[in-house]
Amino acid sequence: MTAAVSIIDVVKRFGALQALAGVSLDIGEGEFFGLLGPNGAGKTTLISTLAGLVRPDSGVLKVMGHDVVSDFRAARRLLGVVPQELVFDPFFSVRETLRIQSGYFGIRGNDDWIDEILANLDLTAKAETNMRRLSGGMKRRVLVAQALVHKPPVIVLDEPTAGVDVELRQGLWQFIRRLNAEGHTIVLTTHYLEEAEALCKRIALMKQGRVVALDTTANLLAGYPGASLEDIFIKTMHA
């Protein structure tokens, strides 16, 4: 299995806080991979190091073979990240926001793909609406659209459905499943463990900056007959 994401012994400290304590894992091309853990487990720090937003103290991270530190430009082009925080520019419409995001990656004439993304995220009616006039759920949809606008082969979704209504959640997952079926690698963090159980073929459980379990979803469930992924998560976190 060729690695779309390779993480080797990554360590990161913020003062006295050990955010990542030697994390190692590979995520194969075309996988739908779950990265789970409680708040403070290190998930968002790991994603931030992968995206080049935080530099690790030691270790190596690669996206499609490109080192995120020494070959940052190539690695970043191959990665789309949906952050937890609702970060947006209040001066532009939804369509303008996506055109600007395309421009960051040197892409012009991207309107056909932008229209497809807008349709799949139920944003078409809001395309000309200013970002600051959108609800929180709509802003989150735009964050997903921004991550997809340059057609990255690796897509990282950090709590993408937090605060999102059920209808959008279902539509989003239908779209993401399609992208995965077309060959995109998906990395998901979520507190909705039933989503991870339904979507992810393989899962890593993180606790206090370490990977404490890494296996296929089927094997994790088989190890605890009759248990849900949420049951396993609770047992692992309290072990």
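Refer to the preceding data block for the structure.
Starting afresh in each chain, residues are numbered from 1 along the sequence in its written order. Local features in a predicted model are, by the rule used here, given only for residues with pLDDT of at least 70; side-chain atom pairs are given and counted only at 80 or more, and totals for whole chains, interfaces and linings are based on all residues. To obtain the side-chain values, all non-hydrogen atoms of the structure were used and water was disregarded.

Chemist: Just to check I follow, could you spell out the packing of aromatic side chains for this structure?
Modeler: Each aromatic ring pair is characterised by the separation of its centres together with the angle its planes make. A pair of aromatic rings is counted whenever rings of Phe, Tyr or Trp (Trp by its six-membered ring) have centres within 6.5 Å, and the orientation is called stacked for planes under 30 degrees apart, edge-to-face for over 60 and tilted otherwise. For the structure on display, the rule yields zero aromatic pairs. As a reminder, the over-ring test applies to NZ of lysine and CZ of arginine, requiring each to be within 6 Å of the ring centre and within 35 degrees of the ring normal. The aromatic ring of F14 is capped on one face by K12, whose charged end is 5.3 Å from the ring centroid. For K151, the ring lying beneath its charged end belongs to W113, and the centroid distance is 4.9 Å.

Chemist: In this structure, what is going on with the pattern of salt bridges? I would like to understand it.
Modeler: Side chains that differ in sign of charge can pair as their charged atoms come close. Salt bridge, as applied in this entry: a Lys or Arg side-chain nitrogen positioned within 4 Å of an Asp or Glu carboxyl oxygen. Summed over the entire model, instances satisfying the criterion amount to eight salt bridges. Its salt-bridge partner being R99, residue D111 comes within 2.7 Å of it at the nearest N-O pair. One end of the pair, D111, is in helix α4 (residues 111-120); the other, R99, is in helix α3 (residues 94-104), and 12 residues separate them in sequence. Notably, a salt bridge pairs R141 with D122, separated by 3.7 Å at the nearest N-O pair. Within this pair, whereas R141 is found in helix α5 (residues 136-148), its partner D122 is found in the loop between α4 and α5, the two being separated by 19 residues in sequence. Counting from the N terminus, the helices are DSSP H or I runs at least four residues long and the strands are E runs at least two residues long.

Chemist: I keep staring at the environment of T190 and nothing clicks. Help me out?
Modeler: For T190, the position within the fold is in the loop between β8 (185-189) and α7 (193-199). Through-space distance from the C-alpha of T190 to that of A218 is 18 Å; in sequence the pair is 28 residues apart. Excluding residues that lie within four positions of it along the chain, T190 makes contacts with L35, L36, E159, E195 and A196. Polar contact is defined as a pair of N or O atoms within 3.5 Å, subject to the rule that within protein one atom must be able to donate a hydrogen and the other to accept it, and that residues adjacent in sequence are counted only when both atoms are side-chain atoms. A distance of 3.3 Å separates the side chain of T190 from the side chain of E195, its partner in a polar contact. It only takes one pair of heavy atoms within 4.5 Å for two residues to be counted as in contact.

Chemist: How do you make sense of helix α1 (residues 43-50) when you look at a structure like this?
Modeler: One full turn of an α-helix is made of 3.6 residues, so residues set three or four places apart face in the same direction. The element α1 is largely enclosed, with a buried count of seven among its eight residues. At the exit of α1 stands G52, carrying a positive phi of roughly 80°. Under the scheme applied here, a residue whose accessible area is under 20% of the maximum for its type counts as buried, over 50% as exposed, and between as partly exposed, the area being computed with a 1.4 Å probe on protein chains only.

Chemist: Got a minute to help me understand a negative patch on the surface in this structure?
Modeler: A patch is a set of surface residues, each over 30% in relative accessible area and not in a salt bridge, joined within 9 Å for like charges and within 5 Å for the nonpolar side chains Val, Leu, Ile, Met, Phe, Trp and Tyr. Accessible areas in this description were obtained via Shrake-Rupley with a 1.4 Å probe; residue shielding takes into account the shown protein chains only. In summary, the charge assignment counts Lys and Arg as positive and Asp and Glu as negative, without counting His or the chain termini. Charge positions come from single atoms, namely NZ of Lys, CZ of Arg, CG of Asp or CD of Glu. Negative charge collects at one region of the surface, where E194, E197, E230 and D231 lie side by side. When contributions to the negative patch are tallied by element, the ones reaching two or more residues are α7 and α9 (229-237). Within the secondary structure, E194 sits in helix α7. For E194, a relative accessible area of 48% puts it in the partly exposed group.

Chemist: Explain the environment of A75 here, please?
Modeler: Relative to the assigned elements, A75 resides in helix α2 (residues 72-77). In this view, A75 contacts V63, H66, D67 and V68; residues no more than four positions away in its chain are not counted.

Chemist: Can you walk me through the pairing of strand β7 (residues 154-158) in this structure?
Modeler: The side chains of a regular strand alternate between the sheet's two faces. Across the five residues of β7, five count as buried, placing the element largely inside the fold. Of the two faces of β7, both are covered, the one formed by V154, V156 and D158 as well as the one formed by I155 and L157. Across four bridges, the pairing between strand β6 (residues 79-82) and β7 is parallel. Within β7, the position partnered with G80 by the bridge is I155. Strand pairing is defined by DSSP finding a minimum of two bridges between the two strands.

Chemist: Sorry, what's going on with the sheet that holds strand β5 (residues 66-67) here?
Modeler: Either a parallel or an antiparallel arrangement is found when strands of a sheet pair, and the pairing is made through backbone hydrogen bonds. Read across the open sheet, the four strands follow the order β2-β1-β4-β5; overall the sheet is antiparallel. Across the chains shown, the open sheet's two edge strands, defined by having one partner strand only, are β2 (17-28) and β5.

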